[in-house]
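Structural characterization, general
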Amino acid sequence: MTDDQKALAADLDRLSDDVARLADRVRRLGRPGDAMDDLREGFFLTVTQAAAVCGVSDQAVYYWLEHAARLGRPIAEKRATVWIIDTGRLLAYVEKHRGGSSARVKAEGRLREYWPLWSEPQELRRPDAKERATG
């Protein structure tokens with residue numbers, strides 16, 4: 001493969017990533033709601049959730065986050081000590097770098113299976129009297 005062919009292939013890879021990201025943005029257009037709704041609907045995952053969806057360890061997901069960032073195509077943002085993973089970008093990364101379309105389809109299937117459990121309302125934990133006194 002010549003250098004020109006390699007450069008063209010790299011450009012096409014970047015274009016396909018851009019197309020996937022744009023398609024995700026178009027899906028979000030016209031939807032009522034905000035970032036909290038996006039979070040509730042599964043547009044973002046934690047590292048543990050991403051690992052479960054992809055059938056890998058948490059450490060593998062951390063490697064993927066680093067790899068995607070090195071490629072200039074980050075799939076997550078770190079806020080404080082928490083990684084917030086964009087589900088669409090994760091699935092595109094899996095398809096492109098971790099097993100092709102069959103791996104993506106499996107991950108999407110697991111997401112559909114797990115999300116109803118993960119998205120159930122959680123009871124707010126209120127500190128007890130002792131915690132309030134020391135906190």
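The structure under discussion appears in the preceding block.
What comes next concerns the included structure. Each residue is numbered by its place in its chain's sequence as written, counting from 1. The predicted nature of this model means local features are confined to residues of pLDDT at least 70 and side-chain atom pairs, given and counted, to a pLDDT of 80 or more, with totals for whole chains, interfaces and linings taken over all residues. Side-chain metrics rest on all non-hydrogen atoms present in the structure, leaving aside hydrogens and water.

1. Topic: the nonpolar core
Throughout, nonpolar core names a set of buried Ala, Val, Leu, Ile, Met, Phe, Trp, Tyr and Cys residues whose side chains join them through atoms within 4.5 Å. To sort residues, take the accessible area from a 1.4 Å probe on protein chains only and compare it with the maximum for the residue type: under 20% means buried, over 50% means exposed, and anything in between is partly exposed. By size, the foremost hydrophobic cluster in this structure holds 22 residues, and its most contacted members are L45, C54, V61, W64, L65, I85 and L90. Mapped by element, the contributors of at least two residues to this core are helix 3 (47-54), helix 4 (58-70), helix 5 (87-97) and helix 6 (100-118). Filtering out sequence-adjacent residues up to four positions away, L45 remains in contact with A50, V53, W83, I84, I85, T87, L90, L111, W115 and W118. Helix and strand labels come from DSSP, where a helix needs a run of H or I of at least four residues and a strand needs a run of E of at least two; each type is numbered from the N terminus. Only heavy atoms matter for contacts: two residues are in contact if any of them lie within 4.5 Å across the pair.

2. With respect to unusual backbone geometry
One non-glycine residue, A80, lies in positive phi territory at about 55 degrees. Relative to the helices and strands, A80 is located in the loop between strand 2 (76-79) and strand 3 (82-86).

3. A word on the packing of helix 4 against helix 5
Their axes nearest at 12 Å, the elements helix 4 and helix 5 cross at an angle of 85 degrees. With respect to helix 5, the element helix 4 is oriented roughly perpendicular. Counted together, W64, H67 and A68 of helix 4 and L90, Y93, V94 and H97 of helix 5 form the full contact between these two elements. The axes are straight lines fitted to the C-alpha atoms, using for helices just the contacting stretch, and the angles between their N-to-C directions are given from 0 to 180°. For classification purposes, angles smaller than 35 degrees are called roughly parallel, those larger than 145 roughly antiparallel, those between 65 and 115 roughly perpendicular, and all remaining angles oblique.

4. What to know about the pairing of strand 2
A pair of strands counts as paired when DSSP detects no fewer than two bridges linking them. In terms of strand pairing, strand 2 meets strand 3 through 4 bridges, oriented antiparallel. Residue E77 lies in a different strand from strand 3, and its bridge partner there is I84.

5. Some details on the packing of aromatic side chains
Any two rings among Phe, Tyr and Trp, with Trp reduced to its six-membered ring, count as a pair given centres within 6.5 Å; such a pair is stacked if its planes are under 30 degrees apart, edge-to-face if over 60, and tilted if neither. This structure, assessed with the given rule, holds 3 aromatic pairs. An angle of 45 degrees between the planes, with centres 5.8 Å apart, marks the rings of W64 and Y93 as tilted. Placement of the pair is W64 in helix 4 and Y93 in helix 5, with a sequence separation of 29 residues. By relative accessible area, which is 8% here, W64 ends up buried.

6. Some remarks on the sheet that holds strand 3
Spatial strand order, 1-3-2: 3 strands in an open sheet with antiparallel pairing. Across the chains shown, the open sheet's two edge strands, defined by having one partner strand only, are strand 1 (44-45) and strand 2. Here helix 5 sits on the sheet in contact with strand 1 and strand 3, set at roughly 70 degrees to strand 3.

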